[in-house]
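Okay, here's what each chain looks like letter by letter:
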Amino acid sequence: MIFDKVDLVVRNAGQLLTLRSGGPKVGKDLADLGIIEGGATAAKDGKICWVGLSQDAGFSSQRVLDACGKVVMPGFVDPHTHLVFAGSREDEFEQRLKGVSYREIAEGGGGIRSTVRATRKASREELFDLAKRRLDVMLSWGTTTAEAKSGYGLNYTDELKLLEVIRSLSGQHTVDLVPTFLGAHEVPDEYREEREAYIDLLTDELIPEVAKRGLARFCDVFCEEGVFDPVESRTILWRGQEFGLKAKIHADELSPSGGAEVAGEVGAISAAHLNYPSERGLATMRDARTVAVLLPGASLFLKENDLPPVRRMVELGLPVALATDFNPGSSPVYGMPVVLSLSCLLFGLTPAEAVSAATLNAAYAIDLGERVGSIEVGKDADLLILNVESYKEIPYWFGHNPVELVIKRGEIIKTSARTENRE
Ligand SMILES: [Zn+2]
């Protein structure tokens with residue numbers, strides 16, 4: 001045996017979803033989960049060191065977990081969250097239910113700007129505690145890696161404050177956080193009459209400082225009518241790239257804004273929402289290998305009439321990923337399993353496609369496709385044991401949390417009585 005001693009063995013998976021692939025899953029491959037029935041896997045030094053059949057897993061190990069015929073899969077990757085903020089917006093939720101639109105609320109000073117006011121007032125410690133509690137919940141739903149954006153500070157001090165909170169939280173929490181600078185989330189109140197000065201603040205002061213201090217890996221823009229137009233979006237994203245921040249974009253969410261074209265033109269790593277992308281925009285994205293990040297939580301929560309052309313994206317060979325878009329205004333949902341259900345019901349993904357989109361493709365959406373998102377030798381041993389026997393049950397038991405046990409880099413994080421832990 002190559003590894004006579006390993007740290008952890010998980011055996012007797014009814015379905016081991018390996019997601020093995022040479023890159024992001026596209027086209028027909030999106031539905032291929034690389035399932036091994038009766039599968040097993042082993043971890044050493046936090047990495048997966050072996051994948052195969054249970055009967056061949058004859059390792060000596062301190063820990064052997066019996067999955068008892070259940071589903072074993074990679075930890076979920078959530079590639080789009082607005083994790084760090086203060087306050088909540090349930091009053092706006094009620095207003096919207098009474099017929100006021102999201103845009104009307106935003107124009108009246110609510111929406112993102114109301115969260116900005118609350119977030120600016122909050123201390124680092126308060127923001128850290130709030131975000132930590134949210135991340136604990138996400139972990140319990142099986143998220144082992146997540147992206148987290150700034151974007152509720154919208155000035156020099158508070159944007160840096162949010163990124164510092166993300167950094168310290170990532171250092172202390174089980175879930176790895178990948179930070180994104182989203183100073184271009186909205187134009188703050190004090191710059192409403194001089195938006196160019198705000199863009200200068202982003203490009204001349206914040207982006208260089210964020211990059212110098214290594215506070216973000218990505219730079220993101222909300223490209224939308226009334227927020228940042230395509231010309232402004234390109235300027236900001238190019239500037240980020242100059243400083244080593246890879247581009248991400250919120251594109252074509254509320255109206256056709258040319259965002260998909262911008263994504264492709266700047267070679268963005270991902271573009272999110274995409275309710276109204278042009279055909280040309282989608283082709284540009286495909287050529288640039290931009291991942292389309294789909295956010296069905298926002299589509300449901302905003303009761304959006306127009307949904308992204310998801311089947312067309314898959315046919316075109318675009319890699320599609322799923323994310324919560326966790327935020328207080330348009331998608332206060334923590335759990336990726338709920339997002340999988342919504343993606344099937346609203347966007348017509350099959351359960352298998354949804355699993356690929358929420359694991360391996362989600363990892364590629366944050367440039368971590370070579371490290372997490374599948375059960376393959378050399379990758380981080382981030383694993384879930386679910387209390388279901390078929391992956392199809394993940395979206396089927398709508399609103400149910402199927403996660404029984406989480407393993408992060410080979411360490412058992414949360415156990416329940418139903419999985420045996422044998423010495
Ligand atoms: Zn977002």
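Our structure's up above, just so we're on the same page.
Just so we're clear, the structure is a prediction, and the values are computed from it rather than from any experiment.

**What about empty space enclosed by the protein?**
Piece 1. Under the definition given, this model contains 2 cavities of 30 Å³ or more.
Piece 2. Computed from the structure, the largest cavity encloses a volume of approximately 130 Å³.
Piece 3. As for the largest cavity, its lining consists of 16 residues, of which Tyr 102, Ile 112, His 185, Glu 253 and Ser 330 are closest to the centre.
Piece 4. Taken together, the residues that form the lining of the largest cavity break down as 6 nonpolar, 7 polar and 3 charged.

**Comments concerning the coordination of the zinc ion**
Piece 1. Looking at the metal site, the zinc ion is ligated by His 80 (NE2), His 82 (NE2), His 250 (NE2) and Asp 325 (OD), spaced 2.0 to 2.7 Å from it.
Piece 2. Each donor residue of the zinc ion belongs to the same chain, with the gaps between them written as H-x1-H-x167-H-x74-D. Within this pair, whereas His 82 is found in the loop between β6 (76-78) and α1 (90-97), its partner His 250 is found in strand β10 (residues 246-251), the two being separated by 168 residues in sequence. Each member of the pair, His 82 as well as His 250, is classed as buried.

**Some words on the layout of surface pockets**
Empty space among the atoms becomes visible once a probe the size of a water molecule is rolled across them.
Piece 1. Its volume calculated, the largest pocket comes out at about 360 Å³.
Piece 2. Contributing to the lining of the largest pocket are 15 residues, with Tyr 102, Leu 254, Leu 302, Lys 303 and Glu 304 lying nearest its centre.
Piece 3. Within the lining of the largest pocket, the residues separate by chemical class into 5 nonpolar, 4 polar and 6 charged.

**Let's talk about the packing of helix α7 (residues 230-242) against helix α8 (residues 259-266)**
Piece 1. The interhelical angle for the contact between α7 and α8, taken along N-to-C directions, is 25°, at an axis separation of 10 Å. The angle between α7 and α8 falls in the class roughly parallel. Classified by chirality, the crossing of α8 by α7 is right-handed. Residue-level inspection shows Pro 230, Ser 233, Arg 234, Leu 237, Trp 238 and Gln 241 of α7 in contact with α8, the latter providing Val 262, Glu 265 and Val 266.
Piece 2. Taken together, the residues that form the contact of α7 with α8 break down as 5 nonpolar, 2 polar and 2 charged.

**Points about the environment of Trp 238**
Piece 1. Within the secondary structure, Trp 238 is located in helix α7.
Piece 2. Accessibility expressed as a relative area gives 45% for Trp 238, which makes it partly exposed.
Piece 3. Sequence separation between Trp 238 and Gly 297 is 59 residues; the distance between their C-alpha atoms is 29 Å.

**Regarding helix α4 (residues 124-140)**
Piece 1. The terminal C-alpha atoms of α4 lie 24 Å apart, and with 17 residues this matches the ideal 24 Å at 1.5 Å per residue to within 8%.
Piece 2. Of all the residues in α4, the buried ones are Leu 127, Phe 128, Ala 131, Arg 134, Leu 135, Met 138 and Leu 139. Mapping the buried residues of α4 onto a view down its axis gives an arc of 145°, with all of them on the same face. When the buried face of α4 is taken as reference, the exposed residues oriented beyond 90 degrees from it are Glu 125 and Arg 133.

**Quick look at the pattern of salt bridges**
Piece 1. A full pass over the atoms with the stated rule returns 34 salt bridges.
Piece 2. Here Asp 29 ties to Lys 25 by a salt bridge, and the two come within 3.2 Å at their closest N and O atoms.
Piece 3. Take Asp 29: its relative accessible area is 29%, and that puts it in the partly exposed class.
Piece 4. Put simply, Arg 286 and Asp 287 hold a salt bridge, and the shortest N to O gap is 3.4 Å.
Piece 5. Under the relative-accessibility criterion, Asp 287 is labelled exposed at 60%.
Piece 6. Where salt bridges share partners, they join Lys 47, Asp 176, Arg 371, Asp 380, Asp 382, Lys 408 and Arg 409 into one cluster.

**Considerations on the packing of aromatic side chains**
Piece 1. Under the criterion given, the structure shown has 7 aromatic pairs.
Piece 2. Arranged with centres 6.0 Å apart and planes meeting at 75°, the rings of Phe 85 and Tyr 152 form a pair that is edge-to-face. Placement of Phe 85 in the loop between β6 and α1 and of Tyr 152 in the loop between β7 (143-149) and α5 (156-172) is noted, with a sequence separation of 67 residues between them. Just as Phe 85 is buried, Tyr 152 falls in that class too.
Piece 3. Centre to centre, the rings of Phe 85 and Phe 326 are 6.0 Å apart; their planes meet at 35°, and the pair counts as tilted. Here the residue Phe 85 occupies a position in the loop between β6 and α1, and Phe 326 occupies one in the loop between β13 (320-322) and α12 (336-347), the gap between them amounting to 241 residues.

**Focus: the packing of helix α6 (residues 195-212) against α7**
Piece 1. Where α6 contacts α7, the axes come no closer than 9 Å and their chain directions differ by 15°. Looking at the two axes, α6 sits roughly parallel to α7. Considering how the two elements wind past one another, α6 and α7 form a crossing that is right-handed. Across from Arg 195, Ile 199, Leu 202, Thr 203, Asp 204, Ile 207 and Pro 208 in α6, the residues of α7 making contact are Glu 232, Thr 235, Ile 236, Arg 239 and Gly 240.

**Examining the side chain of Thr 180**
Piece 1. For Thr 180, the position within the fold is in strand β8 (residues 176-184).
Piece 2. Separated by 2.7 Å, the side chains of Thr 180 and Glu 147 make a polar contact.
Piece 3. Once residues lying within four places of it in the same chain are set aside, the contact partners of Thr 180 are Glu 147, Ala 148, Lys 149, Ser 150, Leu 163, Ala 216, Phe 218, Cys 219, Asp 220 and Lys 248.

**Section: the pairing of strand β5 (residues 71-74)**
Piece 1. Of the pairings in the sheet, the one linking strand β1 (residues 5-17) to β5 comprises 2 bridges and is parallel in character. Along β5, the bridge assignment pairs Leu 16 with Val 72.
Piece 2. The sheet contact formed by β5 and strand β14 (residues 383-386) spans 4 bridges and is antiparallel. Opposite Pro 74, over in β14, you have Leu 383 as the bridge partner.

Here is what the cut-offs are and how they apply
- The residue numbers shown here count from 1 along each chain, following its written sequence.
- Since the coordinates come from a predicted model, pLDDT governs what is reported: local features require at least 70, and pairs of side-chain atoms require 80 or more to be given and counted, while whole-chain, interface and lining totals use all residues.
- Excluding hydrogens and water, the side-chain values take into account all heavy atoms of the structure.
- Buried and open spaces are told apart on a 1 Å grid over the protein atoms alone, a cavity being a set of points where a 1.4 Å probe fits but cannot get out and a pocket being an open set with protein on both sides within 12 Å along at least five of seven lines. Residues with an atom within 4 Å of a point are the lining residues.
- Grid points are joined across faces, edges and corners, and a volume is the space filled by probe spheres set on the points.
- The classification used treats Ala, Val, Leu, Ile, Met, Phe, Trp, Tyr, Cys and Pro as nonpolar, Asp, Glu, Lys and Arg as charged, and all other residues, Gly among them, as polar.
- Water is not among the atoms examined, so metal sites may look incomplete; donors are the N, O and S atoms within 2.8 Å of the metal, or within 3.2 Å for Na, K and Ca.
- Numbered from the N terminus, helices here are DSSP runs of H or I no shorter than four residues, and strands are runs of E no shorter than two.
- For each residue, the accessible area found with a 1.4 Å probe, counting protein chains only, is set against the maximum for its type, and the residue is called buried under 20%, exposed over 50%, and partly exposed in between.
- Every axis corresponds to a line fitted to the C-alpha atoms, with the helix fit spanning only the stretch in contact, and the corresponding angles, defined between N-to-C directions, vary from 0 to 180 degrees.
- Roughly parallel means an angle under 35 degrees; roughly antiparallel, over 145; roughly perpendicular, 65 to 115; everything else is oblique.
- Take the far helix as your reference; a near helix turned counterclockwise from it by less than a right angle gives a left-handed crossing, and one turned clockwise gives a right-handed crossing.
- Whether two residues touch is decided by their heavy atoms; if any such pair falls within 4.5 Å, the residues are in contact.
- In a helix, the anticipated span is given by 1.5 Å times the number of residues less one.
- Note that the arc is defined by the directions from the helix axis to the C-beta atoms.
- Only one rule defines a salt bridge in this text: a Lys or Arg side-chain nitrogen within 4 Å of an Asp or Glu carboxyl oxygen.
- Two rings from Phe, Tyr or Trp (for Trp, the six-membered ring) form a pair when their centres are within 6.5 Å of each other. A pair whose planes differ by under 30 degrees is stacked, one over 60 is edge-to-face, and the rest are tilted.
- In protein, a polar contact requires one atom able to donate a hydrogen and another able to accept it; more generally it is a pair of N or O atoms within 3.5 Å, and residues adjacent in sequence count only if both atoms are side-chain atoms.
- When DSSP finds at least two bridges between two strands, those strands are taken to pair.

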